[in-house]
Amino acid sequence: MRVVMFGYQTWGHRTLQALLDSEHEVALVVTHPKSDHAYEQMWDDSVADLARDNGVPVLLRQRPDDDLAEEVKRADADIIVATNWRTWIPPAIFNQPRYGTLNVHDSLLPAYAGFSPLIWAVINGEPEVGVTAHMMDEELDAGDIVLQRAVPVGPTDTTTDLFHRTLALFGPITLDGLALIASGRTDWVRQDRGRASFFHKRSIEDSRIDWTWPAQDLERLVRALPDPYPNAFTYHRGERIRILSAGISEGFYGGTPGRIFIREGDGIVIVAGAEARRGRSHGLVVKRVRTDDGTELPATEYFRTMGGYLTDRP
């Protein structure tokens, strides 16, 4: 099939490479300009560079406009493939090709539509994550499902681990989806909107630790924000520290959330949870931290004395 691709960052790069290596013809690539947003500076393999290196015309757009609709029309494609495109594509574009638009999204839709689905899924303790290829409609990430593929989430998996596992699915699910569409299949699975959830774009604020969260949730927050993501952070004596590694305490610790309490194993227990005052809550065992000057060290070396508090503000 003749394809127009809308894509960005490493997800788009991997999908475009799969299309270029296939029997399909890529007629046009549309991608975003480089961004200074923290979450768009990681996994930032250039879709534009890959397209140009392979002689494919490239258009840079922050969002679709009337001019782009004309360019897509001139490309005369059979289908649009969209991967990690960051803004809404209007019907005047996504309905243009004969087969419409196949969107590839890194969650098991209808759950975790929108942005940063892997991070939110780890925070929420989901047992599996995955990738969905679906037909685009007027509602973001809500179209009928063509294919889904899942991977399990282990008890120590980080978002970085899951990024690499799900990224490996993008090329194959795109090509398999195109093969199903080309075969004439249209019996796609309608999404159950009663199970849908839609998440906003993340910012640094979303990495700020709230010590009233239960320790289990905080441990997952730390695993959800490993390098190269903006790590979970807190403040100690007015200085920001990033929590790089943590676990859940064996013991129950009572008191005020954020209290630097006691050494347990290879870490330092921080009192956590809105019900911590009752003395039946586990604490977060902080194991490794990084200061704002980039120094990384074990928590047992950073916290030389017990007492005092970790806070969400300086």
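Scroll up for the structure.
Scoring rules and cut-offs
- Residues numbered from 1 in each chain as written.
- Predicted model: local features only at pLDDT ≥ 70, side-chain atom pairs only at ≥ 80, totals over all residues.
- Heavy atoms only, no water.
- Helix = DSSP H or I, 4+ residues; strand = E, 2+ residues; numbered from the N terminus.
- Buried < 20%, exposed > 50% of the residue type's maximum accessible area, 1.4 Å probe, protein only.
- Areas by Shrake-Rupley, 256 points an atom, 1.4 Å probe, with all protein chains shown as cover.
- Lys, Arg positive; Asp, Glu negative; His and termini not counted.
- Charge placed at Lys NZ, Arg CZ, Asp CG, Glu CD.
- Salt bridge = Lys/Arg side-chain N within 4 Å of Asp/Glu carboxyl O.
- Contact = heavy atoms within 4.5 Å.
- Right-handed = clockwise from strand over helix to strand, strands pointing away.
- Pairing = 2+ DSSP bridges.
- Patch = residues over 30% accessible without salt bridge, like charges linked within 9 Å, V, L, I, M, F, W, Y side chains within 5 Å.

(A) Just the overall build of the protein chain, in detail. Tallying secondary structure elements over the protein chain gives eight helices and 16 strands in all. Referenced to the eigenvectors of the C-alpha coordinate spread, the extents of the protein chain come out at roughly 70 × 40 × 30 Å. Evaluated residue by residue, the protein chain yields a buried proportion of 54% over its 314 residues. For the protein chain, the exposed area adds up to about 14,200 Å²; of that, 48% sits on carbon and sulfur atoms. For the protein chain, the distance from the average position of its 34 positive side-chain charges to the average position of its 45 negative side-chain charges is 6 Å.

(B) Region of interest: the pattern of salt bridges. The tally for this structure, following the rule as stated, stands at 25 salt bridges. The partner of Arg278 in a salt bridge is Glu275, and the shortest N-O contact between them spans 2.4 Å. A relative accessible area of 55% means that Arg278 is categorised as exposed. Among the residues examined, Glu275 registers a relative accessible area of 38% and is labelled partly exposed. Members of the salt-bridge network, linked through shared partners, are Asp227, Arg288, Arg290 and Glu296.

(C) View of the side chain of Thr160. With respect to the secondary-structure elements, Thr160 resides in helix H6 (residues 159-182). When near neighbours in sequence (up to four residues on either side) are disregarded, Thr160 contacts Trp43, Pro226, Asp227, Pro228 and Tyr229.

(D) Representation of helix H7 (residues 215-224). Of all 10 residues in H7, eight are buried, a share of seventy percent or more. For H7, the complete set of buried residues consists of Ala215, Leu218, Glu219, Arg220, Leu221, Val222, Arg223 and Ala224. Check the buried side of H7 and you find it contacts helix H5 (117-123), H6, strand S11 (239-252) and strand S14 (282-291).

(E) How the structure looks around the pairing of strand S2 (residues 25-31). The buried fraction of S2 is high, at six of seven residues. A crossover links strand S1 (residues 2-7) with its parallel partner S2, the connecting element being helix H1 (residues 9-20), and its sense is right-handed. For S2 and strand S3 (residues 58-60), the ladder comprises three bridges, and the chain directions are parallel. Opposite Val30, over in S3, you have Leu59 as the bridge partner.

(F) Here's a closer look at the pairing of strand S5 (residues 101-105). Of all the five residues making up S5, five are buried; the element is thus mostly covered by neighbouring parts of the structure. Here S5 shows no split at all, with Thr101, Asn103 and His105 on one side and Leu102 and Val104 on the other all buried. Relative to strand S7 (residues 128-135), S5 runs antiparallel, the two sharing four bridges. Counted as the bridge partner of His105 is Thr132 from S7.

(G) Focus on a nonpolar patch on the surface. On the surface, Trp88, Leu140 and Phe198 cluster together into a nonpolar patch covering about 310 Å² of accessible area. Along the polypeptide, Leu140 turns up in the loop between S7 and strand S8 (145-152). Overall, Leu140 belongs to the partly exposed group, its relative accessible area being 39%.

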